[in-house]
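Examining the three-dimensional arrangement
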Amino acid sequence: MKPTPAAPPLSFWALLKAEVHAVFTNQVAVLTMFGGVIFYSFLYPLPYEKQTPLALPIAVVNLDGSAVSRELERMVDATPQVRVVKREYTLADAQADFLAQRIRGYLVIPEHFYRDLRLGRSVTLAYAGDATYFLVYGTLVEGLVAAGGTLAAQTKVERLLMAGEPVALAAEQFAVTDINMKPTFNPTIGYMNYVVPAVFVLILQQTLAMAAGLITGSQKGQHGYWVQNGAARVIWVRALVLVTIYYLLSLYYFGFSFLFHDVYPIGTMGDTLTLLLPFLLTTTFIGIWLGLVAPRREWVSAVVLMSSLPLVFSVGFIWPVEAMPSAIVWLSYVFPSTPGIQGFLSLNQMGADWPQVWPKYAILWGQVLFWGSLCHWQFRKQFSASNPKN
Amino acid sequence: MFSQAWSLLKQDHWLLSFATWVPMLVALTLWWIFAQGTPRQLPVGVVDLSHSHSARTFMQTLQASPTLQLHRVYADATEAKTALVNGDIYAYSVIPSDFERGLLLGLPPRVSTFYNSQYILTGRLISSAVMAAQATFNAEVETLKTLMRGDQTAAGAVSLSVPIQTQVTALFNRNNNYAQFLVSAMVPALWQILMVVITIMVLSTYVRQQGLQAWLKGHPVRALLSALWPFMLLFWLQGLAFLLWFYVGLGWPFHGDFTTLMVAQALTVVASTIMGVLFYFLTLDAAHSMSFAGAFTAPSFAFLGVTFPVSDMVGLAQFWRDLVPVTHYIGVQIDQANYGLSAWASLSPMWVMVGYAVPALVAFWLIKRHLKRQRQPNPTTGGEPDLSAVASPASATGVKL
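Now for a quick tour of the structure. Computed from a predicted model, the values in this text were never measured in an experiment.

This part takes up the interface of chain A and chain B. Residue-level contacts link 120 residues of chain A with 123 residues of chain B. For the pair chain A and chain B, the summed buried area comes to about 11,000 Å², and 67% of that belongs to carbon and sulfur atoms. Summed over the shared surface of chain A and chain B, the result is two salt bridges. Salt-bridge contacts for Arg296 of chain A lead to Asp12 of chain B; the nearest nitrogen and oxygen are separated by 3.0 Å. In this structure, the connection of chain A to chain B is made through 19 residue pairs in polar contact (both at pLDDT 80 or more). In terms of residues, the side of chain A that touches chain B owes the most to one element, helix α6 (residues 134-162) of chain A, which gives 14 residues. Each residue belonging to the side of chain A that touches chain B can be placed in one class, and the counts come to 70 nonpolar, 34 polar and 16 charged. Direction of pairing for strand β5 (residues 178-184) of chain A relative to strand β4 (residues 110-116) of chain B: parallel, over a ladder of seven bridges. Bridge pairing links Asp178 of chain A to Arg110 of chain B in β4 of chain B.

A few words on the pairing of strand β1 (residues 42-48) of chain B. Residue and element names in this part refer to chain B. The buried fraction of β1 is high, at seven of seven residues. Judged by which residues are buried, β1 turns out to be covered on both faces: Leu42, Val44, Val46 and Asp48 on one side and Pro43, Gly45 and Val47 on the other are all buried. Handedness of the β-α-β unit built from β1, helix α4 (residues 53-64) and strand β2 (residues 68-74) comes out right-handed. With four bridges connecting them, β1 and strand β3 (residues 91-95) associate as parallel partners. For Val47, the partnering residue across the bridge sits in β3 and is Val94.

Turning next to unusual backbone geometry. Positive phi outside glycine occurs at His112 of chain A, with the angle close to 60°. Exposure remark for His112 of chain A: the relative accessible area of 38% places this residue in the partly exposed category.

Together, Ile38, Phe42, Phe256 and Phe260 of chain A make up an exposed nonpolar region whose accessible area comes to about 370 Å². At the level of secondary structure, the elements contributing two or more residues to the nonpolar patch comprise α2 (27-43) and α10 (231-260) of chain A.

Thresholds, definitions, all that
- Residues numbered from 1 in each chain as written.
- Chains lettered and ligands numbered in written order.
- Predicted model: local features only at pLDDT ≥ 70, side-chain atom pairs only at ≥ 80, totals over all residues.
- Heavy atoms only, no water.
- Contact = heavy atoms within 4.5 Å.
- Buried area = accessible area lost by both parts, 1.4 Å probe.
- Salt bridge = Lys/Arg side-chain N within 4 Å of Asp/Glu carboxyl O.
- Polar contact = N/O pair within 3.5 Å; in protein donor to acceptor, adjacent residues only side chain to side chain.
- Helix = DSSP H or I, 4+ residues; strand = E, 2+ residues; numbered from the N terminus.
- Nonpolar A, V, L, I, M, F, W, Y, C, P; charged D, E, K, R; others polar.
- Pairing = 2+ DSSP bridges.
- Buried < 20%, exposed > 50% of the residue type's maximum accessible area, 1.4 Å probe, protein only.
- Right-handed = clockwise from strand over helix to strand, strands pointing away.
- Patch = residues over 30% accessible without salt bridge, like charges linked within 9 Å, V, L, I, M, F, W, Y side chains within 5 Å.
- Areas by Shrake-Rupley, 256 points an atom, 1.4 Å probe, with all protein chains shown as cover.

Structure (C-alpha cells):
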C-alpha cells in the first residue's frame, strides 16, 4: 500500500498544537483526567470523614456489684473510645449481644473484685474485642485499658496512703517510670491524614497512566502526525502536554483538596514541584507504553484498575516494608507510586529536607530512563510497520 | 453456548488472561505482601541521655519485645528525629539524663516515645509494643524494690506493683493475623473489579463482531443472557476458588457454611454483571464504560468497612457503600468465617440487593433506545455507535497493510 506522500515533519509548535488537539478532543481521556481526579478527590476520603472511630458500643458484665466496680464502669463509659450500652449478668448474655452485633466488645469484672483489691491480691479484668476489624479492636482495647489503668493507679495511691505515705509522694509513686507516648507527624492519629496524602498520589498516577494510554491507544492503527514525526518527538511532546495538565491537577490536589480535607502539607512548594517532574514523566511513559501494547485502548484502563491494590499496599505506608518479601519491595520500585508516595509523604507530612528525599528523586529519574526507553522502543516498533521509510 | 464463550476467549488472548491467570497472579501478590501475618522486629531507636545501668535494662526490655528491634542508640534527639523522617526507624524513646536517679529516689522519670503515626497501622503496633515493654520494666523494677524492703512475699510484691492485671482476648482473630484480615477483604474487592471489567469486554466484543442490531434485535435479554451466563458461571467459580484458597488451602479459620457463602457470591455475581451491562450501554464504548467502571469499583476496598468501621462512616459514604455489590457480600463472608451465623441471619440483609433491578431496567431501556436510534437514518458503518466515533480505533479509516 502506498503511504501518503511523504509529509514533512511538523515544526515543534505545529506538533504541539496537533497534540493538544488530540488530547482535548479525546473524550475518554478528558473524562478520565478531569472527571476522575475531581470525582476521586471527594469520593475516596468519604469513608474517613470522622477520622477515627469513637464511642464504640460495649457491654459490661459486672459479677462483683461493689461500689468500686460500678466506679470502674463509669470510668470505662467516660473514655472517648467506648460507650457502655448494655449491662449483662452473665458472660453468655454478653456473647449473645456480640453475635447479634449490638456490641463490639465486652468487659468482665470478676467476682470478689473489690474484696481482692482490698486484700492486696492482684485481680484480673478481662476484655474481649472483635479482632476481625483491627481499628475497632485497637480503639476498644485502648479505651478499656485506659480505664483499667486509671483505677489501678487510684488503687495504688490509696494503698500507699493507707501505708502512711504523704499524699504528694503517693500520687507520684504510682509508677516507676512515666509513660509518655507522642504520636509524631499525624498527632491526632486521624485516618484522613493517613489516607489522603498517600492515596491521592496514587490517583494522580493511575489516571495519568490511563489518559496517556487511552490517547496513544486511540491513535493506534491509524495514520496521523504521530507516524511521521519520529517516536522521540511525539513521545516528548505528548509528555509535555500531559505533564503540564497534571501539574495543574496536582496543584488542585496538594493545594485545594488537601486543605479541604484538613490535611496540611508542610513541605515547600518548590520541593513538591521538583519531585513531581520525574513522577509525572515516568507515569506518562508507562501509560504510552501500555497504550501501545494493549490490543484495544480499553485494556489500558483494565490493566491500571487491576494494578491499584498491589501498588498501594506495596508502598509501605500501610504495611511496613520490613514485613514484606524483598522481591515485592524491589519490584515495587519499578513503578513511580512507591518512591513517589514515600517521597511526598516525607516532604509534606514529615517535614523532610530535600537531601532526605533525594534518593527517591534519583530512583524516579532512573525510572524515567527505563520506562522512557521502553516506551520509545515500543513506539518505533509499533509505527514503523505503517511508516515505511522512503 | 459454551463454545461461543470459548471461541471468544480463544481469539482474545487478553480476555483469556484476565479471565484466568491475571487475577490469580494479582491475588497471590496481595497475599504475598502480607504473608508474614504480623509485623515483627520493626526498627526503633533510643536516645540514651542517661548512660546508666537502668537505661541499659530498659533497652533490653524493648529489645525483648517480638514486635520491636532496637536499631540504634542515638546520641541526641535531632539525630533520632532525622532517622525517623528518613524511615530508618518507626519510633524512638528518649531516656532522660536523670533516669537512674529518679528511679532510686522514687521520682518517676518520664520516658517519651515519639512514634510515626503517619503510618497508622505500624504506628499503633509500635506504640502498644513500647507501652507493654515499659509496663513490664515498671513492674519488674517495682517488684524488685518491694522485695528488697523484705516485708512481702514474691506474689504479694507483684500484686502491690500491679494491683489490676488485664487480660485482653481478641475474638475471632486470635493471633492478630493481618494477612487474614486484609487479604480476605482485598481479594473480593479485586474480584468485583474483574467481574465488571470482563462483562464490559465481552459485551463490546459481541457488538464489535456482530453489530448491535444483528446481535440484540429481537430478543435482547435472551441474547445478552446467552452471551453472559458462561462468564457469570466463571465469576462464580472464581469466587469459589478464592474461598477454597483461604479456608482450605491457607487454613484460615472458618466457622460457617460454604453453601451460604456460595449463595451470597451468586447474588454478587448477578449484581456486578448488571452494573457492567449498565456501564457498557450507557455509552456503547468500551473505553468510556471502563472509566465509569473504574470510578465505581476502584475505591470499593475503602468502603468495605474492614479497615474503617461502617458505623463510623458518614451518611453519604454509607449510601455509596450500598451501591457497590461486593460490600453486601463481605458482611456475609465475615459472618460465616468468624461468627458462624445461621444462613438466614447472614443472608437476610442481602435482600436489599433486589435494588439492582433498577440498574437492570435502566440498562434494558438503554438497549432499546440504542436499537431504535441505530435503525433511524444516518447509520454509521457496521453498527458503530455515534458516541465513540470521535476516537474509535476499530473500524475507522486505518491504514492497514
